[in-house]
Amino acid sequence: MTSTQTTLQIDEYLSYKKTLVDNNLKRLFLDNKFTKPPKLWDAVKYSLIDSGKRIRAILCIAAYESLQKDKALFDDCLTVASSLELVHAMSLIHDDLPIMDNDDLRRGKPSCHKKFGEAIALLAGDAMISLPFHLIIEHCKNISQDTKLKIINEISKTLSFGLVPGQVMDLEGTGKSCDLKIIDEVYKLKTAMLIKSSILCGAYVALNENNTDVIQKLTSFGTKIGIAFQIMDDILDITSDTKTLGKTSHKDEKQKKSTYPMAIGKEKSKEIALSLIEEAKLNLKTIKLNSDALLQIADYIVSRKN
Ligand code: GRG
């Protein structure tokens, strides 16, 4: 198989799964419980619907499909995958606020607070934190209560012990030249944990009994590709432009962010990202699962343009 064919396949795969997730989110938000007060839900829909690469949702689906073919559980997997995008989108809303990373642009349009004001952006994010739990409890019809608890626990831990502490450390590191060990920890917490949890949640939907070996291997895979994802994000901040990224480029240098490329340069950072992807893939190949999509998504993470 040529490299062009591989790229084409993964592009088609990503685009097909993104459409599934986009349509599911649109359908979920048709419910009229998401109408009052209009400003709140308009802000949520503005930040969530039809935008983003949906990589966390796609990883959740890919992990599910690597273990399970049962169509009856697929709708539940899609609900969980969509819930993970809600968590991710809320973190972007809060991240863009002036008291955080202060960005006027997100996903190619004015960020939530630019469009709706800071108070509504903050509250839209707040509404989106707990909504995934409601969706998983009420909309997942076929997975067991035990599985729901496992998934809810996974997401909760990722919020309180991953994204939030990661963001605190990220803010604390701004303006300082941090040790690579600290930068690595920040990447693990603010980015890799949600990527890893997305994969685990997909696996939890698929597995009806504990499989420690699979969960351990997927944890390691998810953490490594998650760190590589953040390294690429920081390289793209330097090498790409605002239009391609859909968010302000060259921001890390202006804000004196402590990132891999700032600490060791973009070439060395890219080498580390590539070797993390190779390690992640090797690790996954040691277990028996239908891992083609996960392996290709790992490669996409370091070849992506936005
Ligand atoms: C979770 C309660 C709670 C608060 C949020 C603000 C915050 C705490 C955390 C920030 C986390 C953050 C924004 C990390 C960066 C992750 C990252 C690389 C985002 C870009 O992801 P993409 O490229 O974006 O997948 P799209 O737009 O494609 O979805």
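Residues numbered from 1 in each chain as written. Predicted model: local features only at pLDDT ≥ 70, side-chain atom pairs only at ≥ 80, totals over all residues. Heavy atoms only, no water.

Topic: empty space enclosed by the protein
Then step 1. Per the stated rule, a full pass over the model turns up three cavities of 30 Å³ or more.
Then step 2. Lining the largest cavity are 13 residues, with Ser-47, Ile-93, Arg-106, Arg-107 and Cys-112 positioned closest to its centre.
Then step 3. Secondary structure elements with two or more residues in the lining of the largest cavity: helix H2 (38-48), helix H4 (74-96) and strand E2 (109-110).
Then step 4. Here the lining of the largest cavity takes four residues from H4, the largest share from any one element.
Then step 5. Considering only enclosed or pocket space, the second largest cavity measures out at about 70 Å³ in volume. (1 Å grid on protein atoms, 1.4 Å probe; cavity = no way out; pocket = protein on both sides within 12 Å on 5 of 7 lines; lining within 4 Å. Points joined across faces, edges and corners; volume = space filled by probe spheres on them. Helix = DSSP H or I, 4+ residues; strand = E, 2+ residues; numbered from the N terminus.)

What to know about the packing of helix H9 (residues 212-239) against helix H13 (residues 266-284)
Then step 1. Running from N to C, H9 and H13 point in directions that differ by 160°, and their axes come no closer than 9 Å. Overall, the two elements H9 and H13 adopt an arrangement that is roughly antiparallel. Here H9 runs over H13; the crossing is left-handed.
Then step 2. Among the residues forming the contact of H9 with H13, the class breakdown is 15 nonpolar, four polar and six charged. (Axes fitted to C-alpha atoms, helices over the stretch in contact; angles between N-to-C directions. Parallel < 35°, antiparallel > 145°, perpendicular 65-115°, else oblique. Left-handed = near helix turned anticlockwise from the far one by under 90°. Nonpolar A, V, L, I, M, F, W, Y, C, P; charged D, E, K, R; others polar.)

Topic: the environment of Thr-248
Then step 1. On the secondary structure map, Thr-248 appears in the loop between helix H10 (242-245) and helix H11 (251-254).
Then step 2. As for Thr-248 and Ile-93, which are separated by 155 residues in sequence, their C-alpha atoms are 14 Å apart.
Then step 3. The contacts of Thr-248, once residues within four sequence positions are left out, are Asp-103, Leu-105, Asp-237 and Thr-242.
Then step 4. Of the polar contacts made by the side chain of Thr-248, one reaches the side chain of Asp-103; its length is 2.6 Å. (Contact = heavy atoms within 4.5 Å. Polar contact = N/O pair within 3.5 Å; in protein donor to acceptor, adjacent residues only side chain to side chain.)

A look at the side chain of Gln-68
Then step 1. With respect to the secondary-structure elements, Gln-68 resides in the loop between helix H3 (55-67) and H4.
Then step 2. A polar side-chain atom of Gln-68 sits 2.9 Å from the main-chain carbonyl oxygen of Ala-206.
Then step 3. Those residues in contact with Gln-68, other than ones at most four positions away along the chain, are Leu-73 and Ala-206.

Side note on the pattern of salt bridges
Then step 1. Per the stated rule, a full pass over the model turns up 20 salt bridges.
Then step 2. For Asp-22, the salt bridge goes to Arg-54, with nearest N and O atoms at 2.7 Å. Taken together, the residues span a long stretch of sequence, with Asp-22 in helix H1 (residues 3-28) and Arg-54 in the loop between H2 and H3 at a distance of 32 residues. Of the two residues, Asp-22 and Arg-54, neither departs from the other in class, the shared state being buried.
Then step 3. Across the pair Lys-224 and Glu-279 runs a salt bridge whose closest N-O atoms are separated by 2.9 Å. Residue Lys-224 is located in helix H9, and its partner Glu-279 is located in helix H13; the two are separated by 55 residues in the primary sequence.
Then step 4. A residue is classified by how much of its surface remains accessible, and Lys-224, at 22% relative accessible area, is partly exposed.
Then step 5. The exposure class of Glu-279 is partly exposed, given its relative accessible area of 39%. (Salt bridge = Lys/Arg side-chain N within 4 Å of Asp/Glu carboxyl O. Buried < 20%, exposed > 50% of the residue type's maximum accessible area, 1.4 Å probe, protein only.)

A short note on the environment of Lys-45
Then step 1. By secondary structure assignment, the location of Lys-45 is in helix H2.
Then step 2. Judged by relative accessible area, which is 24%, Lys-45 ranks as partly exposed.
Then step 3. Taking the C-alpha atoms as reference points, Lys-45 and Phe-29, 16 residues apart in sequence, are found 7.7 Å from one another.
Then step 4. With near-sequence residues (within four places) excluded, Lys-45 lies in contact with Phe-29 and Phe-34.

Comments concerning the packing of aromatic side chains
Then step 1. Within this structure, the stated rule accounts for five aromatic pairs.
Then step 2. With a centroid separation of 5.0 Å and an interplanar angle of 65°, the aromatic rings of Phe-34 and Trp-41 are classed as edge-to-face. Trp-41 matches Phe-34 in its accessibility class, with the two residues each being buried.
Then step 3. Over the aromatic face of Tyr-46 sits the side chain of Lys-109, whose NZ or CZ is 4.0 Å from the ring centroid.
Then step 4. Over the face of the ring belonging to Phe-229 we find Arg-304, whose NZ or CZ atom lies 3.8 Å from the ring centre. (Phe/Tyr/Trp six-rings, centres within 6.5 Å; stacked < 30°, edge-to-face > 60°. Lys NZ or Arg CZ within 6 Å of the ring centre and 35° of its normal.)

Describing the site of the ligand
Then step 1. Close contacts around the ligand come from 22 residues, with Lys-53, Arg-56, His-88, Arg-107 and Gln-167 the closest.
Then step 2. In this structure, an oxygen atom belonging to the ligand sits 2.7 Å away from a side-chain N or O atom of Arg-107.
Then step 3. Expressed as a share of its isolated accessible area of 760 Å², the protein-covered part of the ligand is 91%.
Then step 4. Mapped by element, the contributors of at least two residues to the shell around the ligand are H3, H4, helix H7 (145-173), helix H8 (180-206) and H9.
Then step 5. When residues of the shell around the ligand are assigned to their parent elements, the largest contribution, six residues, is made by H4.
Then step 6. Of the residues contributing to the shell around the ligand, the split by class is eight nonpolar, seven polar and seven charged. (Near = heavy atom within 4 Å. Areas by Shrake-Rupley, 256 points an atom, 1.4 Å probe, with all protein chains shown as cover.)

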